[in-house]
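Spelled out, the chains give:
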Amino acid sequence: MYKILMHERITADVYRMVVEAPLIARKRRAGQFVVIRIDENGERIPLTIGDADAEAGTITLVYQTVGKTTEHLSTREVGDFLMDVVGPLGKPTEIRNYGTTLCVGGGIGNAPLLPIVQALSAAGNKVVTVIGARTKGLLILENELRAVSSELIVCTDDGSYGRKALVTEPVREVCERERVDLCVAIGPPIMMKKVSEATKEYEVHTVVSLNSIMIDGTGMCGGCRVTVGGETRFTCVDGPEFDGHQVDFDQLMKRLNAYKEYEQESLERWRRMREEEAATHAETECRLVEEIEKVKQHG
Amino acid sequence: MADPETGQAVADETAAPKKKERVPRQPMPEQDPAVRRHNFNEVPFGYSEETAIVEAGRCIQCKKPLCVEGCPVRIDIPGFIRLIAEGDFRGSIRKMKETNILPAICGRVCPQETQCEIKCILGKKFEPVAIGRLERFIADWERASGEVEVPEIAKPTGKRVAVVGSGPAGLTVAADLARMGHHVELFEALHKPGGVLVYGIPEFRMPKAIVNAEVHTLERMGVEIHYDFVVGKLETVDELLGRFDAVFIGTGAGLPWFMGIPGEDLVGVFSANEYLTRSNLMRAYDFPNADTPMLRGRHVATIGGGNVAMDSARTAVRLGAEKSYIIYRRSEVEMPARIEEIHHAQQEGVEFHLLTNPIRFIGDEKGRVRQMELLRMELGEPDASGRRRPVPVEGSNYTLDVDTVIVAIGNGPNPLIPQTTPDIETKKWGNIIVDEKTMMTTKQGVFAAGDIVLGAATVILAMGGGRDTAQAIDDFFHIDDPTETAGEREGAQ
């Protein structure tokens with residue numbers, strides 16, 4: 001059991017949670033993830049580790065509500081427990097002094113990107129960071145990323161904040177203007193695909209971090225398999241980071257949609273149950289108030 | 001000495017055989033196939049006390065029992081059977097547990113027909129004694145009695161052993177070492193104990209309650225279990241060696257093989273591990289009450305001829321598949337599955353496509369599998385395994401409509417520990433190399449057994465390996481015999 005120490009909403013559908021997990025906090029490195037399970041009926045889902053405090057024995061998880069499990073997670077309160085937190089899983093990011101690195105984050109991808117930017121900066125790299133979101137309200141961790149980057153370029157799809165552009169635009173500009181030794185891109189698959197296509201033109205080695213569907217996270221189920229350079233690889237034990245120029249993103253996107261109908265069913269059912277619960281609760285409360293009034297009236 | 005006539009007499013009363021015929025091998029009652037197609041309850045009901053006594057009476061108590069030679073853990077088979085025949089069930093289970101701590105599991109999943117029962121002398125003229133069914137009976141009897149005895153434990157030695165993986169090998173090693181008085185801690189990566197017994201083998205063949213009962217016995221013996229603990233990631237083997245006197249690796253064959261043919265990454269193509277894990281460990285059959293979903297295919301093809309393939313094809317039936325096929329490239333004779341499992345699958349309506357091999361999977365625009373193309377095979381000369389090698393028949397291609405494919409062609413060793421422990425040497429495919437005598441890996445104080453050493457094999461071979469390794473670890477402590485233990489070292493710090 002893993003205690004929730006802090007839990008806050010940071011945008012409309014993104015939450016930050018700090019969980020007590022001393023062993024993982026001590027061991028984790030940038031680029032790694034955990035698999036969590038909320039309760040006995042819960043499914044196992046992978047979440048990237050946004051940050052960790054080895055001394056306090058805590059890890060930070062940043063997640064977006066996309067289905068039943070993440071929505072359920074968002075209702076857990078400080079002091080509640082997660083039944084399982086397994087990790088740190090996956091291979092850590094290879095951190096060394098590459099020279100100039102270009103780090104690109106899209107949406108929720110900024111969360112796993114932050115520890116990588118931190119580590120790359122600490123290793124002496126010049127880090128140019130590009131982050132993007134659909135609209136201003138969905139942009140996360142801007143200040144945190146700015147603090148550890150040499151330069152930060154912000155864009156939004158609708159132009160509500162920063163530049164009105166997709167991240168690929170500044171990515172190309174940076175590649176034009178200076179020699180980039182490594183690009184790290186984390187975000188929705190379509191964004192990683194586009195960034196990889198852009199950097200390929202400039203022959204900049206690009207690392208992407210994949211968010212495949214997985215169960216155990218230790219190589220056992222093979223559900224997270226992805227084709228990289230024509231070969232089948234497992235995101236959990238061979239990744240989660242792969243060469244973006246080699247990843248079959250189209251296949252990845254299809255595989256991510258495998259359970260769409262089931263996910264929808266599960267989410268709708270859960271919301272219905274929550275509403276019913278709330279209604280029952282409200283009714284009980286009403287009755288209670290009535291009873292109290294009665295007692296008061298009758299002295 | 002047991003009197004074979006005793007069994008005869010009982011049989012006369014209960015089964016009323018014609019004339020003076022030999023008592024036949026007693027069948028085990030089981031769920032009707034038409035009913036069990038729709039539930040996950042265990043298929044066989046097991047012997048009643050009466051039937052068990054009758055069956056046990058068939059054993060002629062050989063002076064030199066060949067059956068024992070066939071058993072990887074060398075259970076005193078005539079011994080425990082004689083006690084059943086005498087009605088001394090408590091005595092029988094005690095006898096059993098001298099050599100086998102997990103009889104309820106072995107009785108269900110061992111391939112008895114190729115191990116102990118094949119050697120039974122009765123089998124030469126009649127049918128062999130149903131050793132597996134009797135083993136299962138006596139274990140179930142003990143559990144039902146409500147008094148599962150904890151084996152006697154030697155006085156504490158002060159030695160500490162970390163056992164990595166709680167599958168068949170790990171459970172056996174843990175039990176044996178605990179019995180010898182060593183302090184044992186089990187490290188399990190998943191949230192439940194049992195390894196392949198819980199994620200792989202379905203409820204209808206290996207009820208989870210049985211695994212839990214066995215694990216509970218271990219805990220009563222003082223074994224500590226850590227869940228969600230991925231050794232190699234959370235703590236490396238080297239780090240474990242800092243606080244334990246020995247480390248045992250029983251991480252199994254947990255890396256599914258795929259065929260490497262086109263379309264294998266289509267949605268709807270699963271490894272058997274994933275398919276079974278969703279259904280068993282994550283209880284996806286109970287979706288949406290359980291959160292984990294699984295695709296409920298209408299036309300499901302399982303590729304492979306082993307127990308895992310049978311488990312998958314039979315799970316598909318229970319999940320409502322209209323068609324559940326087994327696709328196997330050799331013939332039924334070569335199938336590595338237990339005969340009972342093949343029969344059960346056939347009874348439940350699984351269709352066998354033998355001597356046929358898929359060459360590609362065909363998907364739709366959403367990337368979901370819709371068809372598979374197959375090639376018929378014929379058997380050629382025997383290969384290295386001694387089985388006749390399947391050879392493709394040119395131009396025999398045909399297609400089969402499928403919406404779910406389960407690849408059950410085997411597993412490689414789990415890579416996490418070799419990846420993070422560079423001085424543990426492995427063979428080409430990643431199996432850990434151990435010294436045949438000392439059972440030690442190339443790293444001092446680190447031992448391994450089960451599928452991580454053997455490649456994907458059987459539960460009982462893993463247990464057999466576990467038993468030998470437990471003894472080897474105990475020997476290691478005596479030969480090595482450092483005056484200080486890990487506990488003392490920690491205390492000194």
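Residues numbered from 1 in each chain as written. Chains lettered and ligands numbered in written order. Predicted model: local features only at pLDDT ≥ 70, side-chain atom pairs only at ≥ 80, totals over all residues. Heavy atoms only, no water.

### Regarding the overall build of chain B
- The helix and strand inventory of chain B stands at 20 helices and 16 strands.
- The C-alpha radius of gyration computed for chain B amounts to 24 Å, which stays within 12% of the reference 23 Å derived for 493 residues, consistent with globular compactness.
- The principal-axis extent of the C-alpha atoms belonging to chain B is close to 70 × 70 × 50 Å.
- Here chain B holds 493 residues, and the buried ones make up 59% of them.
- A sequence separation of at least 24 residues applies to 69% of the contacts in chain B between residues at least 6 apart.
- Here chain B has roughly 20100 Å² of accessible surface; of this, 52% comes from carbon and sulfur atoms.
- Looking at chain B, you have 57 positive and 72 negative side-chain charges, and the mean spots of the two groups are 4 Å apart. (Helix = DSSP H or I, 4+ residues; strand = E, 2+ residues; numbered from the N terminus. Rg over C-alpha atoms; globule rule 2.2 N^0.38 Å. Buried < 20%, exposed > 50% of the residue type's maximum accessible area, 1.4 Å probe, protein only. Contact = heavy atoms within 4.5 Å. Areas by Shrake-Rupley, 256 points an atom, 1.4 Å probe, with all protein chains shown as cover. Lys, Arg positive; Asp, Glu negative; His and termini not counted. Charge placed at Lys NZ, Arg CZ, Asp CG, Glu CD.)

### Structural notes on helix α12 (residues 208–220) of chain B
- Helix length check: α12 of chain B (13 residues) gives 18 Å between terminal C-alpha atoms against 18 Å at 1.5 Å per residue, within 8%.
- Among the residues of α12 of chain B, K208, I210, V211, E214, V215, T217 and L218 of chain B are the ones counted as buried. (Expected span 1.5 Å × (residues − 1).)

### Quick word on the packing of aromatic side chains
- The final tally for this structure, using the stated rule, is 13 aromatic pairs over all chains.
- Where Y15 of chain A meets Y63 of chain A, the ring centres are 5.5 Å apart and the plane angle is 10°; that geometry is what we call stacked. On the criterion of sequence distance, the pair formed by Y15 of chain A in strand β2 (residues 14–20) and Y63 of chain A in strand β5 (residues 58–64) is long-range, its members being 48 residues apart. Across this residue pair, the class does not change: Y15 of chain A and Y63 of chain A are buried.
- Here the aromatic residues Y259 and Y262 of chain A together with F287 of chain B are joined through ring pairs into a cluster of three or more.
- Above the ring of F244 of chain B, the side-chain terminus of R160 of chain B is found at 4.8 Å from the ring centroid. (Phe/Tyr/Trp six-rings, centres within 6.5 Å; stacked < 30°, edge-to-face > 60°. Lys NZ or Arg CZ within 6 Å of the ring centre and 35° of its normal.)

### Concerning helix α16 (residues 339–347) of chain B
All names here are of chain B.
- Buried within α16 are the following residues: E341, I342, H344 and A345. Summarising the axial view, the buried residues of α16 lie within an arc of 165°, below the 170-degree limit, and thus occupy one face.
- Taken from the residues just after α16, G349 is the one with a positive phi, measuring 95°. (Arc of directions from axis to C-beta.)

### Points about the packing of helix α5 (residues 77–85) of chain B against helix α9 (residues 131–144) of chain B
Residue and element names in this part refer to chain B.
- It is the contact of α5 with α9, at a shortest axis distance of 11 Å, that shows an interaxial angle of 60°. In terms of their interaxial angle, α5 and α9 are classed as oblique. Crossing geometry of α5 relative to α9 is assigned as left-handed. Contacts between α5 and α9 involve I77, F80, I81 and I84 on the former and, on the latter, I131, L134, E135, F137 and I138.
- Residue composition of the contact of α5 with α9, by class: eight nonpolar, no polar and one charged. (Axes fitted to C-alpha atoms, helices over the stretch in contact; angles between N-to-C directions. Parallel < 35°, antiparallel > 145°, perpendicular 65-115°, else oblique. Left-handed = near helix turned anticlockwise from the far one by under 90°. Nonpolar A, V, L, I, M, F, W, Y, C, P; charged D, E, K, R; others polar.)

### Here we look at the environment of N41 of chain A
- Looking at the secondary structure, you find N41 of chain A in the loop between β3 (33–37) and β4 (45–53).
- The class for N41 of chain A is partly exposed, based on a relative accessible area of 35%.
- Note: C-alpha distance between N41 of chain A and A122 of chain A (81 residues apart in sequence) is 41 Å.
- The residues contacting N41 of chain A, other than those within four sequence positions of it, are R283, N289, A290 and D291 of chain B.
- Only 2.9 Å separates the side chain of N41 of chain A from the side chain of R283 of chain B, close enough to count as a polar contact. (Polar contact = N/O pair within 3.5 Å; in protein donor to acceptor, adjacent residues only side chain to side chain.)

### A short note on the pairing of strand β4 (residues 246–249) of chain B
Residue and element names in this part refer to chain B.
- Covered by surrounding structure in β4 are A246 and F248 together with V247 and I249, the residues of both alternating faces.
- As defined by bridge partners, strand β1 (residues 160–164) adjoins β4 across four bridges and the pair is classed as parallel. For V163, the partnering residue across the bridge sits in β4 and is F248.
- Sheet topology places β4 next to strand β16 (residues 446–448); three bridges connect them, and they run parallel. Paired with V247 across the bridge in β16 is V446. (Pairing = 2+ DSSP bridges.)

### Topic: the state of the cysteines
- Enumeration over the complete set of coordinates arrives at zero disulfides over all chains.
- Looking at C155 of chain A, it has no disulfide partner, and the nearest cysteine sulfur is the one in C183 of chain A, 13 Å off.
- You can see C71 of chain B has no disulfide; the closest cysteine sulfur is in C116 of chain B, sitting 6.5 Å from it. (Disulfide = S-S within 2.5 Å.)

### Description of the interface of chain B and chain A
- Of the residues lining the interface, 48 residues belong to chain B; the matching set on chain A comes to 47 residues.
- A combined buried area of about 4000 Å² lies between chain B and chain A, and 52% of that area is made up of carbon and sulfur atoms.
- Taken as a group, K233, D265 and D291 of chain B account for 18% of the area that chain B buries against chain A, more than any other trio of residues on that side.
- Residue D291 of chain B is joined to K68 of chain A by a salt bridge in which the shortest nitrogen-to-oxygen separation is 2.9 Å. (Buried area = accessible area lost by both parts, 1.4 Å probe. Salt bridge = Lys/Arg side-chain N within 4 Å of Asp/Glu carboxyl O.)

### Some remarks on the sheet that holds strand β9 (residues 351–354) of chain B
All names here are of chain B.
- Strand order in the open sheet formed by five strands is β6-β14-β7-β8-β9, with parallel pairing between adjacent strands. What marks the edges here is a single partner per strand, and that holds for β6 (269–271) and β9. Direction aside, the axes of adjacent strands within the sheet are offset by 20° on average.
- Alignment of β6 against strand β14 (residues 404–407), held across three bridges, turns out to be parallel. Paired with F270 across the bridge in β14 is I406.
- Lying over the sheet, helix α14 (residues 272–279) contacts β6 and β14, oriented at roughly 85° with respect to β6.

### What about the sheet that holds strand β13 (residues 206–209) of chain A?
Residues and elements named next belong to chain A.
- The strand order β11-β10-β9-β8-β12-β13-β16 describes an open sheet built from seven strands, whose pairing is mixed. With one partner strand each, in any of the chains shown, β11 (163–164) and β16 (241–243) form the two edges of the open sheet.
- As defined by bridge partners, strand β8 (residues 100–106) adjoins strand β12 (residues 182–186) across five bridges and the pair is classed as parallel. Each residue of the ladder has a partner; that of L102, found in β12, is C183.

### Focus: the packing of helix α5 (residues 168–177) of chain A against helix α6 (residues 189–201) of chain A
All names here are of chain A.
- It is at 10 Å that the axes of α5 and α6 come closest, and there the two elements cross at 20°. By the angle between their axes, α5 is roughly parallel relative to α6. Here the hand of the crossing between α5 and α6 comes out right-handed. Of the residues in α6, those in contact with T168, V171 and R172 of α5 are K194, V195, A198, T199 and E201.
- Considered class by class, the residues forming the contact of α5 with α6 number three nonpolar, two polar and three charged.

### Topic: the confidence of the model for chain B
Residues and elements named next belong to chain B.
- Per-residue confidence for chain B averages 88 on the pLDDT scale, and 93% of its residues sit at or above 70.
- A low-confidence stretch, residues 488–493 (pLDDT under 50), is modelled with six contacts involving residues beyond four sequence positions or located in other chains.
- Taken together, the chains of this predicted complex give a pTM of 0.87 and an interface ipTM of 0.89. (pLDDT = per-residue confidence, 0-100.)

### Things to note about the pattern of salt bridges
- Throughout the structure, instances matching the rule amount to 59 salt bridges over all chains.
- Between R179 of chain A and D181 of chain A there is a salt bridge, and its shortest N-O distance comes to 2.7 Å.
- Using a relative accessible area of 65% as the deciding quantity, one classes R179 of chain A as exposed.
- Between E348 of chain B and R36 of chain B there is a salt bridge whose closest N-O contact spans 2.4 Å. With E348 of chain B in the loop between α16 and β9 and R36 of chain B in helix α2 (residues 33–36), this pair connects stretches of sequence that are 312 residues apart. Taken as a pair, E348 of chain B and R36 of chain B share a single burial class, namely buried.
- Look at the salt bridges and you will find they share partners, linking E30, R36, R205, D311, R314, R318, R338, E340, E341 and E348 of chain B into a network.

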